[in-house]
Amino acid sequence: MNRILARARRARVRPPRRAARAALFDRAVAEFFMRLALREAAKGLGRTSPNPAVGAVLVRAGRVVARGHHARAGGPHAEVVAIRAAGARARGADLYTTLEPCDHYGKTPPCSIAVIEAGVRRVFVGSADPNPLVNGKGIARLRGAGVEVAEDVLRGECDALNAHWFKYIRERRPYVTLKAAVTLDGRIATRTGDARWVTGEAARRWVHRLRDRVDAVLVGAGTARADDPLLTTRLAGGRGRDAVRVVLDTDLRLPSRLALLNPRSPAPTLVAHASARTRRVRPGVELLRCKRGKGGVDLRDLLAKLAARGVTHLLVEGGARVHARFLEEGLVDRVAVLVAPKLAGADGVPLLAGRGPARMADALRLDEVQVERIGEDVLVIGRPVPAARPARPRARRAPARGR
């Protein structure tokens, strides 16, 4: 009898196999359509600042009836684009959106109201919106109107897509990606400063695709002098969008002949400095005065000023001193290093300037590491994690004496 009762209890706890299979199928379907929404959202990367990149897909009877993405700040949001494209087919459909629909009046009306008025039956959401103006209010309005809402569909992927925007909203500073191309022995240039080219063509194309997805690209004065870079985005067929160019020039000493100070791009060049004096600049170039910090321009002040301009993602491209300063001050959110199968020798220019740690245990390490082969080179991406400081031993208290 005891065995029979035990089996009955187990049977009550165990869900029916058919229901479990149906749940797995529903989840797989939801994730499939959310991946389509993620593809839509990626089209807006680098173009929506200071807004997030969002994608939406409307599905009816298992078929996509409309897609949309947020293309630019001030333009219609992804959900509205998809609803307009669907027309009457939006009624009774399922909406998959990578970010919670907004619920406030800004440059456009709330998306939550548009979804309700369109007669959408269910809404599948990837990321919650951390913006204090939204932060759950969009979902609450939908549910209050009788719309079924499923949250956290592919949340990890959706959060990763807008990691730069979450940083901007929560900390009011841009997300910082540090990018470098190095040889196997960790050199970004030869002993003469020559760096053309460390990596192959495939890796350089990857860099241009990255520039196309960020809001601003930054280099130091040393890199500006040595390489005289354009810092433009050059993709096949003339595609791509130039990001804002930022150059650190603490005392305004860069020669006026440099390409960055003679832009041929609609994107401006910002010269970040900490000088009390000024200088004449050409059209398309702007002087951005910042506080003076240790080693030059105060980087935290610079990031705050860039955030005030709507820059949500900053790409730092060098050189060695600039890399070191951003890392030492804990301002790097992601490192992307392209490693070429070359050796430049001990007297080449290192990835990081300055002294390193005395112990390997104190070295800066990367977490959440991804490795990918690009042509003949290897790309390593990771999140910097400072070495943990050893805890101080607690002082022992003297035993209390009896009175």
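Residues numbered from 1 in each chain as written. Predicted model: local features only at pLDDT ≥ 70, side-chain atom pairs only at ≥ 80, totals over all residues. Heavy atoms only, no water.

(A) Structural view of the overall build of the chain. When helices and strands are counted, the chain shows eleven helices and 18 strands. Relative to its full complement of 403 residues, the chain shows a buried share of 46%. Taking all contacts inside the chain whose residues are at least 6 apart in sequence as the whole, residues at least 24 apart take part in 70%. Looking at the chain as shown, the accessible area adds up to about 22,800 Å², and 51% of this sits on carbon and sulfur atoms. (Helix = DSSP H or I, 4+ residues; strand = E, 2+ residues; numbered from the N terminus. Buried < 20%, exposed > 50% of the residue type's maximum accessible area, 1.4 Å probe, protein only. Contact = heavy atoms within 4.5 Å. Areas by Shrake-Rupley, 256 points an atom, 1.4 Å probe, with all protein chains shown as cover.)

(B) The arrangement of the packing of aromatic side chains in detail. All chains considered together, the criterion is met by four aromatic pairs. Ring centres 5.3 Å apart and planes at 40° place the aromatic pair Phe33 and Tyr96 in the tilted group. Taken together, the positions of Phe33 in helix α2 (residues 17-42) and Tyr96 in strand β3 (residues 94-99) put the pair 63 residues apart, joining distant regions of the chain. For the residue pair Phe33 and Tyr96, the accessibility class agrees, reading buried in each case. For the pair Trp165 and Phe166, a centre-to-centre distance of 5.9 Å together with 55° between the ring planes defines the contact as tilted. Exposure class is identical for Trp165 and Phe166. Each is buried. Taken together, the aromatic side chains of Phe32, Phe33, Tyr96 and Phe124 make up a single cluster linked through ring pairs. In this structure, Arg170 packs its charged tip against the face of Phe166, placed 5.1 Å from the ring centre. Directly above the aromatic system of Tyr168 lies the positively charged group of Arg172, at a separation of 4.5 Å from the ring centroid. (Phe/Tyr/Trp six-rings, centres within 6.5 Å; stacked < 30°, edge-to-face > 60°. Lys NZ or Arg CZ within 6 Å of the ring centre and 35° of its normal.)

(C) Quick peek at helix α8 (residues 201-211). Taken as a whole, α8 has its buried residues at Ala203, Trp206, Val207, His208, Leu210 and Arg211. The elements touched by buried residues of α8 are β6 (175-183), β8 (216-219), β14 (313-316), β15 (334-340), β17 (365-374) and β18 (377-385).

(D) Up close: empty space enclosed by the protein. Counted according to the given criterion, the structure contains one cavity of 30 Å³ or more. In this model, the largest cavity occupies a volume close to 30 Å³. Residue lining of the largest cavity: Gly44, Leu45, Gly46, Arg47, Thr48, Ser49, Asn51, His164, Asp215 and Thr312, and that is the complete set. In terms of residue class, the lining of the largest cavity is made up of one nonpolar, seven polar and two charged. (1 Å grid on protein atoms, 1.4 Å probe; cavity = no way out; pocket = protein on both sides within 12 Å on 5 of 7 lines; lining within 4 Å. Points joined across faces, edges and corners; volume = space filled by probe spheres on them. Nonpolar A, V, L, I, M, F, W, Y, C, P; charged D, E, K, R; others polar.)

(E) Region of the structure containing a nonpolar patch on the surface. A contiguous nonpolar patch, built from Val369, Val371 and Val378 and spanning about 240 Å² of accessible area, is present on the exposed surface. As for its position among the elements, Val371 is in strand β17. In this structure Val371 comes out as exposed when scored by relative accessible area, which is 61%. (Patch = residues over 30% accessible without salt bridge, like charges linked within 9 Å, V, L, I, M, F, W, Y side chains within 5 Å. Salt bridge = Lys/Arg side-chain N within 4 Å of Asp/Glu carboxyl O.)

(F) Seen up close, the state of the cysteines. Taken as a whole and judged by the stated rule, the model has zero disulfides. In this model Cys111 remains outside any disulfide bridge; the closest cysteine sulfur is found in Cys102, 3.7 Å from its own. Given the relative accessible area of 1%, Cys111 is considered buried. (Disulfide = S-S within 2.5 Å.)

(G) Representation of the environment of Ile188 within the structure. Within the secondary structure layout, Ile188 lies in strand β7 (residues 187-189). Classification of Ile188 by relative accessible area gives buried; the value is 15%. Through-space distance from the C-alpha of Ile188 to that of Leu352 is 9.1 Å; in sequence the pair is 164 residues apart. Leave out the neighbours within four places in its chain, and Ile188 touches Ala181, Val182, Ala195, Val198, Gly319, Ala320, Val349, Pro350 and Leu351.

(H) Here's a closer look at the sheet that holds β18. Sheet architecture is open: nine strands sit in the order β11-β10-β9-β8-β14-β6-β15-β18-β17, paired in mixed fashion. Across the chains shown, the open sheet's two edge strands, defined by having one partner strand only, are β11 (285-289) and β17. Sheet twist, expressed as the mean angle between neighbouring strand axes with direction ignored, is 25°. Across four bridges, the pairing between β6 and β14 is parallel. Within β14, the residue paired with Val176 across the bridge is Leu314. (Pairing = 2+ DSSP bridges. Axes fitted to C-alpha atoms, helices over the stretch in contact; angles between N-to-C directions.)

(I) Layout of the pairing of β8. Burial along β8 is two-sided: the face carrying Ala216 and Leu218 and the face carrying Val217 and Val219 are both buried. With four bridges connecting them, β8 and strand β9 (residues 244-248) associate as parallel partners. Of the residues in β9, the one forming a bridge with Leu218 is Val246. Read as a crossover between parallel neighbours, the route from β8 over helix α9 (residues 221-227) to β9 is right-handed. Sheet topology note: the β8/β14 ladder contains three bridges and is parallel. Bridged to Leu218 within β14 is Val316. (Right-handed = clockwise from strand over helix to strand, strands pointing away.)

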